Amino acid sequence: MKEKTNKKEAPSAAVESGTDKTAETAVASAKDNPAKPEAVKEEMIHLIVFKLGAEEYGIKIDQVKEVTVTPNVTRMPRTPDFIKGVANIRGDIIAIMDLEERFGIRPVPLAGDLNPHITYTLVIEAKEYSIGVIVREVPQSLNLSMTKIDKTPSFLQDINIHENYIEGIAKVNNRLIIVLDMYKILTQDEIRELKSN
Amino acid sequence: MKSREQEYKEIFIAEALEYFDALNRLISELEKRPQDDQVLAEIFRMLHNLKANAKAIGYLQISDVSHKLETAFGLIRNKELSFSDEVVGVLFDGIDLLGELIKSIDSERQVEVDPVLIRNLDIIVDSLSDSTVELAKVQKFSTSRNLTLSDLIYIQVKKLDHLMNLVGELIIDRDRILSLSRELDSDELKTVGSHLYRITEDLQYSVMDARLVSIGTLFNKFPRVVRDIATAEKKEIDLELSGQDIQIDRNILQIMTDSLLHLVRNAITHGIEKPEQRVRADKTKAGLLQLSARSDRESVVITLTDDGKGIDIGKVKKAAVAQQLVPADVAENLPDSEVYSFLFEPGFSLAKEVTEFSGRGVGLDVVKNAIDSIGGRIRIESEKGKGTSFILQLPTSIAVKGALLFEIDSIFYAIPLIHTDSVVALDKDELHEVGEVLVADIKGETVTVVYLDELLNVEESQMRLGDKTRLKGQVQNIIIVSYNNRKLGLIVDKLYRQQDIVVKPLSKPLDSIDLYGGVTLLGTGKVCLVLDVPAITRYFVNRR
């Protein structure tokens, strides 16, 4: 029992420490633009940031219902590989997805101090359903100004038009964060693919 | 349990009191705005309904008074009677009388209808503009006004659905607590657990009971429907209904509505012959259509029987061969029950002409899908020249089902009992490799057997369903399931108990995976996948 409570606290603590960091970031970004005093009031965006492969990805916080240590996942035979199965999260049975497999992202070895047996699940609330997304490192919380997000980077034209789940690219302190639109993460085609199985 | 009549009476009273309240409100409004046609129309409609309802259930006094009031308001609406003070007084009195009559239904006290009031009502209705006749003063029979609220409430089915889901969650947690109390071996927890068990069980049945409606609510729509179709088809049909009092979950009945309509259409257009043909075949001129319902343990069986020409097995076989559903030589020796199952294949049709009511390509497969979706079963019995029966076995409740639990490759699965025929343990040597499948002799019947682990977990290109070496162990546990009149044996790794489970539908986007009918949580907190037998059967057939 005790162990479980600890596990549950772990990610939220991590998110909190993340918030501290972002507060700094926000202050830093305000300092960067001393010419604009109204910058404090400018539109902010709050992201949950996690790693897939070697890159950082972000999801808007209002699309994330909760972050938890991945519970027991029951495999569902004859579903696409990126569906890891279903899990019971607070009485809701939701699908757990591996975005690295979904996007064909090459996984990278974990940093040495991380326990490979513990992963985290972001519970995403999409329009019609909730879905769990597995990540291997504790997700972080990040506040940044909307202006930091490049909504239409030119490279988007180079990738397949159907892969429009990328909402934009955020650039903060030399970090590049790919902002995902979770509502588009499962396209109609894939839902159909689920069906044919 | 209350008698049906008592329940009808209560419903009538509650509705009537609602009408009474509304009438009081409306007539007060009308007094202020006598020109408001909408209010008038509403009053008229309510009195009309009240009259009809009262008459149907046999409260003639109420229907009589409603009738008189309705006439009076009809005159006011047609501007033949003015809504003057005198008239208003009489109308208020009349409505008060209605209220008294309605309230008296459930009490010992008989209400004496004041003849003066009735006379007054007659006067305003009959004398029209002739106002010479005096309206007599009415002795108020009731001076004390009691404010009462109705004993019945309307509730959205959605709310009941929500309640049912919550009960489902509660049952899952209850099972978890029970299994914990055994694990911890705590007597106190066990006592609380068993109390909780009784309460939740009671709660579950109460909520299920609240969702029940009598099948009559659907059956009683059919006399008119049958008449219309029969007229269009120039046929004579006698419809016999029975078992209208049988109760079933409202949502199940809702899902079955279209299917039943479809089957009835089919029976009239394709089953029952034209009058002249019937006479030639030595049958009564009018065809007989019987729609009946009965309870059978945990399910409700609806049977639709016609005394028409029956299904021509030969024709079905021919059509099945022509549509390449089965090779001709195999079709020859198929048992009748399997031949009938072709009728449920998508696109399968024997109809030569399209009529207004059936034969437009929407086939029995739609009916079958609807029944599958609620976990029911359908079967056909037919005799050439004598008639056809469709037998629908439906669960009484959607959420809670008896199921058989088992394990394959360390994952828990359940199959609803409605689809299981029997469970057998066979030695590996009793399974035979025939073609690309395994078969076994089960109680004299040759049944195809499939190793579920192979079917579910081996990559599709590597799958070898006819290879005995893939089996683990010597003795094989086999669940015989039945779908669409075909039997199929499913080999499982470990067989557990039979248990009532609460099936949670899979949430999006997984709900489109039809291999699984849903999931359930076991007492241990583990997720258990509920296999959909129709889908498993289809998947197996398509693999082969």
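Conventions we followed
Residues numbered from 1 in each chain as written. Chains lettered and ligands numbered in written order. Predicted model: local features only at pLDDT ≥ 70, side-chain atom pairs only at ≥ 80, totals over all residues. Helix = DSSP H or I, 4+ residues; strand = E, 2+ residues; numbered from the N terminus. Buried ≥ 20, exposed ≤ 12 C-beta atoms within 10 Å, placed from the backbone. Contact = placed C-beta atoms within 7 Å. Nonpolar A, V, L, I, M, F, W, Y, C, P; charged D, E, K, R; others polar. Pairing = 2+ DSSP bridges. Core = buried A, V, L, I, M, F, W, Y, C linked by C-beta atoms within 7 Å. Axes fitted to C-alpha atoms, helices over the stretch in contact; angles between N-to-C directions. Parallel < 35°, antiparallel > 145°, perpendicular 65-115°, else oblique. Left-handed = near helix turned anticlockwise from the far one by under 90°. pLDDT = per-residue confidence, 0-100.

(A) Representation of the overall build of chain B within the structure. Helix and strand counts for chain B come out as 17 helices and 18 strands. Here chain B, with 544 residues, has 33% of them falling under the buried criterion. Sequence-distant contacts, at least 24 apart, represent 65% of the contacts inside chain B between residues at least 6 apart.

(B) Quick peek at the overall build of chain A. Looking only at helices and strands, chain A features 3 helices and 12 strands. Evaluated residue by residue, chain A yields a buried proportion of 26% over its 197 residues. Considering only residue pairs separated by 6 or more positions, chain A has 60% of its internal contacts joining residues 24 or more positions apart.

(C) How the structure looks around the interface of chain B and chain A. With 18 residues of chain B in contact, the opposing surface of chain A contributes 21 residues. Residue assignment for the side of chain B that touches chain A shows that the elements contributing at least two residues are helix H16 (452-457), strand E17 (516-521) and strand E18 (527-531) of chain B. With 3 residues, the single largest contributor to the side of chain B that touches chain A is E17(B). When its residues are assigned to classes, the side of chain B that touches chain A shows 11 nonpolar, 4 polar and 3 charged.

(D) Representation of the sheet that holds strand E6 (residues 92-97) of chain A within the structure. Residue and element names in this part refer to chain A. Pairing is mixed across the open sheet formed by 6 strands, whose spatial order is E3-E7-E8-E6-E5-E4. With partners counted over all chains shown, the strands left at the sheet margins are strand E3 (64-69) and strand E4 (73-74), one partner each. Across 6 bridges, the pairing between strand E7 (residues 120-125) and strand E8 (residues 130-135) is antiparallel. In the strand pairing of E8, Leu122 is matched with Val133.

(E) Quick peek at the nonpolar core. Counting 84 residues, the largest nonpolar core has Val86(A), Leu122(A) and Val450(B) as the members making the most contacts within it. It is strand E8 (residues 400-408) of chain B that contributes the most residues to this core, 6 residues altogether. Not counting residues up to four positions away in its chain, the partners in contact with Val86(A) are Thr74(A), Met76(A), Ile93(A), Ile94(A), Ala95(A), Ile96(A), Leu510(B), Val519(B) and Val527(B). By size, the runner-up hydrophobic cluster in this structure holds 39 residues, among which are Ile237(B), Leu260(B), Ile311(B) and Phe390(B).

(F) Molecular detail of unusual backbone geometry. For Arg78(A), which is not glycine, the phi dihedral falls at a positive 60°. One can find Arg78(A) in the loop between E4 and strand E5 (83-89). Phi at Asp185(B) takes a positive value of approximately 50°, unusual for a residue other than glycine. Tracing the chain through its elements places Asp185(B) in the loop between helix H6 (157-184) and helix H7 (187-210).

(G) The arrangement of the sheet that holds strand E14 (residues 475-483) of chain B in detail. Residue and element names in this part refer to chain B. Within the open sheet, the 6 strands sit side by side as E10-E14-E15-E13-E12-E11. Their pairing is mixed. The sheet is open, and its two borders are formed by strand E10 (420-427) and strand E11 (431-434), each paired with just one other strand. The average undirected angle you get between the axes of adjacent strands in this sheet is 35°. Where E10 meets E14, 7 bridges bridge the pair, whose relative direction is antiparallel. Pairing of Ser422 across the sheet is with Ile480, part of E14. Strands strand E13 (445-451), E14 and strand E15 (486-492) of the sheet are contacted by helix H17 (residues 533-543), whose axis makes an angle of about 105° with E14.

(H) Fine view of the packing of helix H10 (residues 250-271) of chain B against helix H15 (residues 364-373) of chain B. Residue and element names in this part refer to chain B. Viewed as axis vectors pointing N to C, H10 and H15 meet at an angle of 150°, and their least axial separation amounts to 9 Å. Taken as axis vectors, H10 and H15 run roughly antiparallel relative to one another. When you trace H10 past H15, the crossing you get is left-handed. When H10 is examined against H15, the residues Ile255, Met256, Asp258, Ser259, His262 and Leu263 are found in contact with a partner set consisting of Val366, Val367, Ala370, Ile371 and Ser373. Here the contact of H10 with H15 is composed, by residue class, of 7 nonpolar, 3 polar and 1 charged.

(I) Examining the packing of helix H3 (residues 60-77) of chain B against helix H4 (residues 85-104) of chain B more closely. Residues and elements named next belong to chain B. At their nearest, the axes of H3 and H4 sit 10 Å apart, and the two run at 160° to each other. As far as their axial angle goes, H4 and H3 are roughly antiparallel. Considering only the axes of H3 and H4, their crossing is left-handed. Seen from H3, the contacting residues are Gln61, Ile62, Val65, Ser66, Lys68, Leu69 and Ala72; seen from H4, they are Leu91, Gly94, Ile95, Leu97, Leu98, Leu101 and Ile102.

(J) Local environment of the pairing of strand E2 (residues 55-60) of chain A. Residues and elements named next belong to chain A. Of the pairings in the sheet, the one linking strand E1 (residues 44-52) to E2 comprises 6 bridges and is antiparallel in character. In the strand pairing of E2, Ile48 is matched with Ile59. The pairing of E2 with strand E12 (residues 175-180) spans 3 bridges and is classified as parallel. Within E12, the position partnered with Glu56 by the bridge is Ile177.

(K) Broad picture of the pairing of E15(B). Residue and element names in this part refer to chain B. Extensive coverage of E15 is indicated by the burial of 5 of its 7 residues. The pairing of E14 with E15 spans 7 bridges and is classified as antiparallel. Counted as the bridge partner of Asn477 is Val492 from E15. Hairpin connection of E14 to E15: 2 residues between the antiparallel strands, including Asn484 at a positive phi of 55°.

(L) Focus on the confidence of the model for chain A. Residues and elements named next belong to chain A. With 63% of its residues at a pLDDT of 70 or more, chain A shows a mean pLDDT of 72. At the level of individual helices and strands, chain A shows its lowest average pLDDT in helix H1 (residues 2-32), which scores 42, and its highest in E4, which scores 92. In this model residues 1-39 is a low-confidence stretch, pLDDT under 50, and it forms 31 contacts with partners more than four residues away in sequence or in other chains.

(M) Quick look at the environment of Phe12(B). Residues and elements named next belong to chain B. With respect to the element layout, Phe12 can be found in helix H1 (residues 4-32). Under the C-beta neighbour-count criterion, Phe12 is labelled buried, with 21 such atoms within 10 Å. Sequence-wise, Phe12 and Asn53 are 41 residues apart; in three dimensions their C-alpha atoms are separated by 7.4 Å. Phe12 has contacts with Asn53 and Ile57, leaving out every residue within four places of it along the chain.

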